[in-house]
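Listed below, chain by chain, are the residues.
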Amino acid sequence: MTDVRFGRLKVFLGAAPGVGKTCRMLDEGRRRAERGTDVVVAFVECHGRRRTEEKLDGLEVVPRSPRTYRGSPFEEMDLDAVLARRPEVALVDELPHSNVPGGRHAKRWQDIEELLAAGIDVVTTVNIQHLDSLNDVVEKITKVPQHETVPDDVVRRADEIELVDMPAEGLRRRMAHGDIYAPEKVDAALANYFRVGNLTALRELALLWVAGRVDEALQKYRSEHGIGGVWETRERVVVALTGGPEGATLIRRAARIAARSAGGDLLAVHIARSDGLAAGASSASLARQRALVESLGGSYHSVVGDDVPTALLEFARAENATQLVLGTSRRSRVERFLTGRGIGETVVGHSEDIDVHMVTHERAGGGRLLQSRRRTLPTSRLIAGPVSGLVLPIALTFLLDHTRGSLNLTSEALLFLLTVVGVACVGGVVSAVVASVTASLLLNYWFIPPTGAFTTTLDSLLATVVFAVVAGTVAAVVDRSLRLSRRSARATAEAETLSSLAGSIVRGDQTVPALLERARETFAMDSVELVNEPDPMSDGAGRVPVVRVPIGQDAYLVLRGRTLPSSERRVLTAFAAHVAAAVERARLAEAAAEIEPVKAADRMRTALLAAVSHDLRTPLAGGWAAISSLRSSDVEFSEEDRAELLATADESMARLSRLIENLLDMSRLQAGALTLSLRPTVLEEVLPAALESLPPDAPVIEVRGLDTVPAVLADPPLLERVVANLLGNAARHAPRGTPVLLTASALADRVEFRIVDRGPGLPAADREKAFVPFQRLGDTDNTTGVGLGLALSRGLTEAMAGKLTPEDTPGGGLTMVLALPAAQPLTAATAEGRGARTDLP
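Residues numbered from 1 in each chain as written. Predicted model: local features only at pLDDT ≥ 70, side-chain atom pairs only at ≥ 80, totals over all residues. Heavy atoms only, no water.

A.B. asks: Can you lay out the overall build of the chain for me, pointing to particular residues and giving the numbers?
C.D. replies: The helix and strand tally for the chain stands at 25 helices and 23 strands. In the chain, which comprises 841 residues, the share counted as buried stands at 40%. Partitioning the intrachain contacts of the chain with sequence separation of at least 6 by distance along the chain shows that 70% fall at a separation of at least 24. If you sum the accessible surface of the chain, you get close to 45,000 Å²; carbon and sulfur atoms cover 56% of it. (Helix = DSSP H or I, 4+ residues; strand = E, 2+ residues; numbered from the N terminus. Buried < 20%, exposed > 50% of the residue type's maximum accessible area, 1.4 Å probe, protein only. Contact = heavy atoms within 4.5 Å. Areas by Shrake-Rupley, 256 points an atom, 1.4 Å probe, with all protein chains shown as cover.)

As structure tokens, then:
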């Protein structure tokens, strides 16, 4: 049994709808079919475009799978039929499409992965706005959210990605000619999504994304073929950071170099020694420099390597860097003379085809900041070391003197050497020197012939030198291991502390009190607080030690309890930075909270004035005109005319009354003064009154499922207002002769009522705007009210602990979903006792 090969995926990527992806896909299918390849059209969406439909001629089309969702018919790709047909190539349009429920997969890209796994090659299409990583960016540009997305990795794994490009003006001309959308949608599309700026930005995103994919393929090719040289396809500038104060200067210089070339990349790298001995490195400085790099559009990298020049060059070559920016050495001339070539000189000598920029700075040649030489041994060992260096060689001499003759000179010398090594391990360098001098003198006097006298022969001198060298070497190793151990322990503690701090921020524990408490616990302080002025308390006798850290203008972090060593102050600096950020966020949030009510009130006043100035005028004018005519003595009206005038006045006054009620209710909602009387309520209780408020020419209201749901916890008059507003809105937009559907269903502890119309619907971008007071989205006149209906309905619903959300009606239209908490479960008895009303006029 042979394994089935994995199919190949080709993706046509476009910047926007209408650039020609589907046509290119069909052309690709026709070319392959003409070459003898077995090609089928698994799914293509023509959207009524004649040119696209013509390209289907001559290609085999697999019949679609019919599905029904919420009473409406749909068609999807028949995955099983394509698998059974088993072509060599399948053409599948719209990769990010969400399938109608009823199939195996929720997304079309999952169907395509199953086709690929079966060994079928797939050619598909996708727009740049549907990629997960760019979805939010596109929404910021176009103000239109995209609900159908595809993971970037699915597209990145494609064997071929072909960009279908078109200039913005050309795409707008195609739109204007009716080649993309239906004629009634052209003007709105050109004025919104298909603006020149939007299309240009989307085109740039598509070009950059494909360029990044090409760059990945280039890096993969270079890696597979062992190509280490730099290919200058575009400028990549790498800046080396040490964590020193010169970092900001180097970053800005490197950013200017990268900016001179269009599409240049800026990469910052810090080489961390694996032993943790990074001279001059400051975690706080590196954090600030990282933020600066990212603010300039670059990326930050950290690489571990003992040989800094080698690690730096390896990173630059791996990233295909063309230029390398380093700071000139901070070492003084004396240090450079004693230690030889530095990192910069070594990098220049081995850079080959990478240009190296040595940037001067204010710390250049000033000598590096020497770390404090803290003693690495405890006091007990510092005392015991020299003492043992004197006592142990003497004790060994007495022991060997009593056993003289049983050991030869070589064995005796080795025992003295072992003693010296032991003393070096205990007491360090000074003790080793004392032991080596004592041991060499005793060995020379007591055991090297002639005994009883000091000799200056070559053997005696050699023994002394060996003792000194071995002792010094062992002592140096011991001292270094102790320093590394202490640094490692300190680094581990700092890492754990900062990791804990980062974890608390990720979990949301970043309020100022939480950070202050964490700082107190971390540094074992008595108290930690924020003050506006420097604390006058000093560290003198009888006072508690105080540590002060400035965190901004007129703000200080004050810690009381103990004096912090310099090593702990580095971590404290990181804490202070987070506290400063939290304080600033708190200030901004407080300012925003103070401003928002004022802005909301201003918006409401402006909208209310606009409503009063226009919408109140219509019913007032109509009613006034009717009453004035009736009171006039100049004209005699017939009974029919008088009745018509009275009806006009009555209708105008009714409209005026409803408008004033809505305005008052909205003001009560915003003021929080709405009084509620919640009780178990069935919708049949309030539905008749809500239906009476509909105009005489309203469409039929078809009611379903009210007898299958429990009562809801609501205020009956408010629920009546909500239902009346929603039914009136649906009736106003429903096509003539098409009923409005009212359905009910229960889910967990909530009941959902759906008011469904088959009208023009509402674009996703405008749905939330519809709930803003004084909006009339889609209305062509101002005679239907001030646009308070939906805003008031949502406000009243939320006041009753409910939720009002809009959804698309399958097949076209808008569905308003009113969800309210259930008062009690629905029993069979109550369901039987309640009747269902249908086809209410």
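Still more to cover.
A.B. asks: Describe helix α1 (residues 21–34), naming the residues involved and giving the relevant values.
C.D. replies: The terminal C-alpha atoms of α1 lie 20 Å apart, and with 14 residues this matches the ideal 20 Å at 1.5 Å per residue to within 8%. All of the buried residues in α1 are K21, T22, C23, M25, L26, E28, G29 and R32. Those residues of α1 that are buried are in contact with β1 (9–14), β2 (39–43), α2 (50–54), β6 (89–92), β7 (121–127) and β8 (160–164). G36 occupies a position one or two residues after α1 and carries a positive phi of about 100°. (Expected span 1.5 Å × (residues − 1).)

A.B. asks: Just give me the short version of the pairing of β7, but keep the residues and values in it.
C.D. replies: For β7, the buried fraction is high: seven of the seven residues fall into the buried class. Here β7 shows a buried face lined by D121, V123, T125 and N127 and a second buried face lined by V122, T124 and V126. In this sheet, β7 lies alongside β1 in parallel orientation, the contact comprising six bridges. Within β7, the position partnered with V11 by the bridge is T124. (Pairing = 2+ DSSP bridges.)

A.B. asks: Which residues make up the sheet that holds β6, and what values go with them?
C.D. replies: Strand order in the open sheet made by the six strands is β3-β2-β6-β7-β1-β8, with parallel pairing throughout. Pairing within the sheet leaves two strands with one partner each, and these edge strands are β3 (60–61) and β8. Two strands pair when backbone bridges link them, and β1 and β8 are joined in this way by five bridges, in the parallel orientation. Its bridge partner lying in β8, G14 is registered against V164. The strands touched by α1 within the sheet are β1, β2, β6, β7 and β8, with β7 carrying the most contacts at an inclination of about 165°. (Axes fitted to C-alpha atoms, helices over the stretch in contact; angles between N-to-C directions.)

A.B. asks: Which residues make up the packing of helix α22 (residues 683–692) against helix α23 (residues 716–733), and what values go with them?
C.D. replies: Look at α22 against α23: their axes get within 8 Å of each other, and the N-to-C directions meet at 50°. Comparing the axis directions of α22 and α23 gives the class oblique. The way α22 lies across α23 gives a crossing that is right-handed. Seen from α22, the contacting residues are L683, E685, V686, L687, A689, A690 and L691; seen from α23, they are P716, L719, E720, V723, A724 and L727. Grouping the constituent residues of the contact of α22 with α23 by class yields eleven nonpolar, no polar and two charged. (Parallel < 35°, antiparallel > 145°, perpendicular 65-115°, else oblique. Left-handed = near helix turned anticlockwise from the far one by under 90°. Nonpolar A, V, L, I, M, F, W, Y, C, P; charged D, E, K, R; others polar.)

A.B. asks: So, unusual backbone geometry: which residues are in play, and what are the values?
C.D. replies: The residue R86 is not glycine, and still its phi comes out positive at about 50°. Mapped onto the fold, R86 is located in the loop between α3 (79–85) and β6. For R86, a relative accessible area of 43% corresponds to the partly exposed category. Residues other than glycine seldom take positive phi values, yet E94 does so here, at roughly 55°. Along the polypeptide, E94 turns up in the loop between β6 and α4 (108–117).

A.B. asks: Help me get a handle on the packing of aromatic side chains, residues and values and all.
C.D. replies: All chains considered together, the criterion is met by two aromatic pairs. A ring pair is formed by Y445 and W446, whose centres lie 5.5 Å apart and whose planes are at 75°; its orientation type is edge-to-face. Overall, the relative accessible area of 35% leaves W446 in the partly exposed class. For the cation-ring pair, R64 lies above F43, with the distance from its terminal atom to the ring centre recorded as 4.1 Å. (Phe/Tyr/Trp six-rings, centres within 6.5 Å; stacked < 30°, edge-to-face > 60°. Lys NZ or Arg CZ within 6 Å of the ring centre and 35° of its normal.)

A.B. asks: Describe the pattern of salt bridges, listing the residues and the values that go with them.
C.D. replies: According to the stated counting rule, one finds 26 salt bridges in the structure shown. Put simply, D80 and R104 hold a salt bridge, and the shortest N to O gap is 2.6 Å. Pair noted here: D80 is in helix α3 and R104 is in the loop between β6 and α4, with a separation of 24 residues, a long-range link. Given a relative accessible area of 45%, D80 falls into the partly exposed group. The partly exposed category is assigned to R104, whose relative accessible area is 47%. Because the salt bridges share partners, they merge into one network encompassing K10, R24, E28, R31, R32, E160 and E162. (Salt bridge = Lys/Arg side-chain N within 4 Å of Asp/Glu carboxyl O.)

A.B. asks: Before we move on, could you go through a positive patch on the surface and cite the residues and values that matter?
C.D. replies: The grouping of R252, R253, R256 and R260 at the surface amounts to a positive patch. Note on placement: R252 falls in helix α10 (residues 247–259). (Patch = residues over 30% accessible without salt bridge, like charges linked within 9 Å, V, L, I, M, F, W, Y side chains within 5 Å. Lys, Arg positive; Asp, Glu negative; His and termini not counted. Charge placed at Lys NZ, Arg CZ, Asp CG, Glu CD.)

A.B. asks: How would you summarise the packing of helix α15 (residues 379–402) against helix α16 (residues 409–446) if you had to cite specific residues and measurements?
C.D. replies: Where α15 contacts α16, the axes come no closer than 10 Å and their chain directions differ by 20°. As summarised for this structure, α15 and α16 are arranged roughly parallel, according to the angle between their axes. Between α15 and α16 lies a crossing of right-handed hand. For the contact of α15 with α16, the per-class residue count stands at 17 nonpolar, eight polar and three charged.

A.B. asks: An account of the environment of E162 is requested, with residue identities and associated values reported.
C.D. replies: Note that E162 resides in strand β8. As for E162 and V210, which are separated by 48 residues in sequence, their C-alpha atoms are 8.4 Å apart. Excluding residues that lie within four positions of it along the chain, E162 makes contacts with K10, V11, F12, L13 and R24. Only 3.2 Å separates the side chain of E162 from the side chain of K10, close enough to count as a polar contact. (Polar contact = N/O pair within 3.5 Å; in protein donor to acceptor, adjacent residues only side chain to side chain.)

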